[in-house]
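Here is how the chains run, residue by residue.
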Amino acid sequence: MATKLGLPPYCETVEVSTSAAGNALVSTENAIIGEVFAIGYDRGTVNATTTAVITSENPTLTIDSYNVNTAATAIRGIGCQVADSTDAFMPIPVRSNLTVTVSGGAASKAFTVYVYYR
């Protein structure tokens, strides 16, 4: 009988606080080495349109862009579209810290981003 060995998904938590101007720039504490397959959001105290843009350095990609004020919590599946397919996606491989950027969002608010990867 074959034994299935696998690693559970990992989660990197990013606490984001916007300035009085509604801006933020926060990186993950640890480098993400693996495949990002989901991003979770907890809007915390955000009460107005606040778009979080998540990017990686290696490779240079925009992983996600989401208005955190859309729902109290959200988990979004993330992936690259498979060539010649309209509905098949592959996880995004990265090997760098991820950065969460907010420009002109809700002023002096806090929210949390969860990066799920394996």
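Please read all numbers here as calculations on a predicted model, not as lab measurements. (Residues numbered from 1 in each chain as written. Predicted model: local features only at pLDDT ≥ 70, side-chain atom pairs only at ≥ 80, totals over all residues. Heavy atoms only, no water.)

Before going further, it helps to spend a moment on the pattern of salt bridges. Should the charged atoms of two oppositely charged side chains come close, the side chains can pair. All chains considered together, the criterion is met by 2 salt bridges. Residue Arg118 is joined to Glu35 by a salt bridge in which the shortest nitrogen-to-oxygen separation is 3.7 Å. Separated by 83 residues along the polypeptide, Arg118 in the segment after β11 (110-117) and Glu35 in strand β3 (residues 32-42) bring together distant segments of the chain. A relative accessible area of 30% means that Glu35 is categorised as partly exposed. Ionic pairing is found between Asp64 and Arg76, a salt bridge with its closest N-O pair at 2.8 Å. Separated by 12 residues along the polypeptide, Asp64 in strand β5 (residues 60-67) and Arg76 in strand β6 (residues 73-77) bring together distant segments of the chain. (Salt bridge = Lys/Arg side-chain N within 4 Å of Asp/Glu carboxyl O. Helix = DSSP H or I, 4+ residues; strand = E, 2+ residues; numbered from the N terminus. Buried < 20%, exposed > 50% of the residue type's maximum accessible area, 1.4 Å probe, protein only.)

Mapping Ser56 onto the fold places it in strand β4 (residues 51-57). Of the polar contacts made by the side chain of Ser56, one reaches the backbone oxygen of Pro59; its length is 2.4 Å. The contact partners of Ser56, leaving out residues within four places of it in the chain, are Leu61, Ile63, Val94, Ser96, Asn97 and Leu98. (Polar contact = N/O pair within 3.5 Å; in protein donor to acceptor, adjacent residues only side chain to side chain. Contact = heavy atoms within 4.5 Å.)

Strand order across the open sheet formed by 4 strands is β2-β10-β4-β5, with antiparallel pairing between neighbours. Taken across any chain shown, the strands that pair with only one partner, and hence form the sheet edges, are β2 (24-27) and β5. If you compare each strand with its neighbour and ignore which way they point, the axes differ by 20° on average. (Pairing = 2+ DSSP bridges. Axes fitted to C-alpha atoms, helices over the stretch in contact; angles between N-to-C directions.)

A separate point is the side chain of Thr99. Here Thr99 shows up in strand β10 (residues 98-102). Within polar-contact distance, the side chain of Thr99 engages the side chain of Ser27 at 3.1 Å. Thr99 has contacts with Leu25, Val26, Ser27, Val53, Ile54 and Thr55, leaving out every residue within four places of it along the chain.

The subject of this paragraph is the confidence of the model for the protein chain. Averaged over the protein chain, the pLDDT score is 90; the fraction of residues at 70 or greater is 90%. No element of the protein chain has a lower mean pLDDT than strand β7 (residues 80-81), which averages 72, and none a higher one than β2, which averages 98. (pLDDT = per-residue confidence, 0-100.)

Quick look at unusual backbone geometry now. Of note, the bond from Asn58 into Pro59 is cis; its omega dihedral lies within 30 degrees of zero at 0°. As for its placement among the helices and strands, Pro59 is situated in the loop between β4 and β5. Positive phi is not limited to glycine here, since Ser108 has a value of about 50°. Examined against the element boundaries, Ser108 turns out to sit in the loop between β10 and β11.

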